[in-house]
Amino acid sequence: MFLVDPERCKRDGICVEACGRFIIRMKKGGFPELAPGGEDLCLKCGHCVCACPTGALSIPAMRPEECPEIARDLVLNEAQGEQFLKSRRSIRGYQDRRVEREKLTKLVELAGFAPSAHNARPVGLLVFEDPQSVRHLAGLVIEWMEGVLKESPAWAAPLGFDRIVELARKGRDPILRNAPHLFVAHADEKARLAKEDCVLALAYAELAAPSLGLGATWAGFFMVASQIYPPLKEALKLPAGHGNFGALMIGYPKVKFLRLPKRQPPRVTWR
């Protein structure tokens, strides 16, 4: 499972340092090799393949020729990286315009590069491409809120359910903001750190959206309702045993933001 091209290998030990599982070793004067038990411990993450400067290493799941070299001229400098992160906005208003399938597919692809616990990659993405399907889901959330207002008004009041329902009755969409598309991240509920993996995947999609001229924001009310309202859970039709761990609205923004907002830094304790 771990192949070394002796003609390319410089025996520089970079692969040993790159392996976070400490399963690659080098004997004096020899080539890299897996330590005993390494096959069972390998995460197939490809760190060794991607770190080798000569392309001497490969594993069955990944060969160097399948891994494009990083374009150094595209690497963000400090100022670019700072603006990229600070300029992220939660988009709560979308144009009445569908996003091209190619762009949605690109977001799905980039979400697949998010970190994953033990490189397990348990995340599935349910993409609602039809805007009418998204409107239907938003309507189910309003149905849930109406029920909560009747049965548990004391619980609903602090959350502003009455105002949200009233806005919906007037033809507004305070749930999914008239977004044409919705990404739902799901995974087997028994998977290790399934929720964290789903959140990270959607975070990658959210950060990537502006580079495609798109905007995104997290669907909080939808998420809550999808956990406890049977009609909405049934509408998602997730695989058996899977949980919904995140939802992201996607579309072309109505508003273009021109300034960076003021933000307070996180509370920090130095030790």
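Here the structure is shown first, and the text comes after it.
Structure report, in brief. Here the structure is a predicted model, which is why all the values come from computation and not from measurement.

Overview of the layout of surface pockets
Volume-wise, the largest pocket comes out at about 1,400 Å³. Forming the boundary of the largest pocket are 33 residues, of which Cys50, Pro68, Glu69, Ile70 and Phe113 lie nearest the centre. For the lining of the largest pocket, the secondary-structure elements that each account for two or more residues are α3 (47–51) and α9 (194–208). Partitioning the lining of the largest pocket into residue classes produces 22 nonpolar, seven polar and four charged. Its boundaries defined by the atoms lining it, the second largest pocket holds a volume of some 360 Å³. In terms of lining residues, the second largest pocket is bounded by 19 residues, among which Ser87, Arg89, Ile91, Pro210 and Phe257 are the most central. Broken down by secondary-structure element, the contributors of at least two residues to the lining of the second largest pocket are α9 and β7 (215–218). Residues belonging to the lining of the second largest pocket are distributed by class as follows: 11 nonpolar, three polar and five charged.

Some thoughts on the pattern of salt bridges
Counted according to the given criterion, the structure contains 10 salt bridges. As a salt-bridge pair, Arg8 and Asp5 come within 3.8 Å of each other at their nearest N and O atoms. Relative accessible area serves as the criterion here: at 40%, Arg8 is assigned to the partly exposed category. Overall, the relative accessible area of 28% leaves Asp5 in the partly exposed class. Note that Arg88 is salt-bridged to Glu206, the shortest N-O span being 2.7 Å. Remark: Glu206 occurs in helix α9 and Arg88 occurs in the loop between α4 (78–86) and α5 (101–111); sequence separation between them is 118 residues.

Here we look at the sheet that holds strand β8 (residues 242–251)
If you walk across this open sheet you meet the four strands as β5-β6-β8-β7, and the pairing is antiparallel. For this open sheet the edge positions go to β5 (124–128) and β7, each flanked by a neighbour on one side alone. Averaged over all neighbouring strand pairs, the angle between strand axes comes to 25°, with direction disregarded. Bridging between β5 and strand β6 (residues 181–188) involves five bridges; their strand directions are antiparallel.

Side note on a nonpolar patch on the surface
Residues Trp155, Leu159, Val224 and Ile228 make up a contiguous nonpolar surface patch of roughly 380 Å² in combined accessible area. Tracing the backbone shows Val224 in helix α10 (residues 220–228).

Things to note about the packing of aromatic side chains
Remark: the centre distance and the inter-plane angle together describe each pair of aromatic rings, the angle taken between the planes. Scanning the model with the defined rule gives four aromatic pairs in all. Between Trp144 and Phe161, the ring centres sit 5.3 Å apart and the planes meet at 65°, which makes this aromatic pair edge-to-face. Note that Trp144 is positioned in helix α6 (residues 131–151) and Phe161 in helix α8 (residues 161–169), a separation of 17 residues in sequence. The exposure class of Trp144 is buried, given its relative accessible area of 6%. We classify Phe161 as buried; its relative accessible area is 1%. On the numbers, 5.9 Å between centres and 75° between planes, the contact of Phe161 with Phe221 is edge-to-face. Residue Phe161 is found in helix α8, and its partner Phe221 is found in helix α10; the two are separated by 60 residues along the sequence. Overall, the relative accessible area of 29% leaves Phe221 in the partly exposed class.

Here is what the cut-offs are and how they apply
Residues numbered from 1 in each chain as written. Predicted model: local features only at pLDDT ≥ 70, side-chain atom pairs only at ≥ 80, totals over all residues. Heavy atoms only, no water. 1 Å grid on protein atoms, 1.4 Å probe; cavity = no way out; pocket = protein on both sides within 12 Å on 5 of 7 lines; lining within 4 Å. Points joined across faces, edges and corners; volume = space filled by probe spheres on them. Helix = DSSP H or I, 4+ residues; strand = E, 2+ residues; numbered from the N terminus. Nonpolar A, V, L, I, M, F, W, Y, C, P; charged D, E, K, R; others polar. Salt bridge = Lys/Arg side-chain N within 4 Å of Asp/Glu carboxyl O. Buried < 20%, exposed > 50% of the residue type's maximum accessible area, 1.4 Å probe, protein only. Pairing = 2+ DSSP bridges. Axes fitted to C-alpha atoms, helices over the stretch in contact; angles between N-to-C directions. Patch = residues over 30% accessible without salt bridge, like charges linked within 9 Å, V, L, I, M, F, W, Y side chains within 5 Å. Areas by Shrake-Rupley, 256 points an atom, 1.4 Å probe, with all protein chains shown as cover. Phe/Tyr/Trp six-rings, centres within 6.5 Å; stacked < 30°, edge-to-face > 60°.

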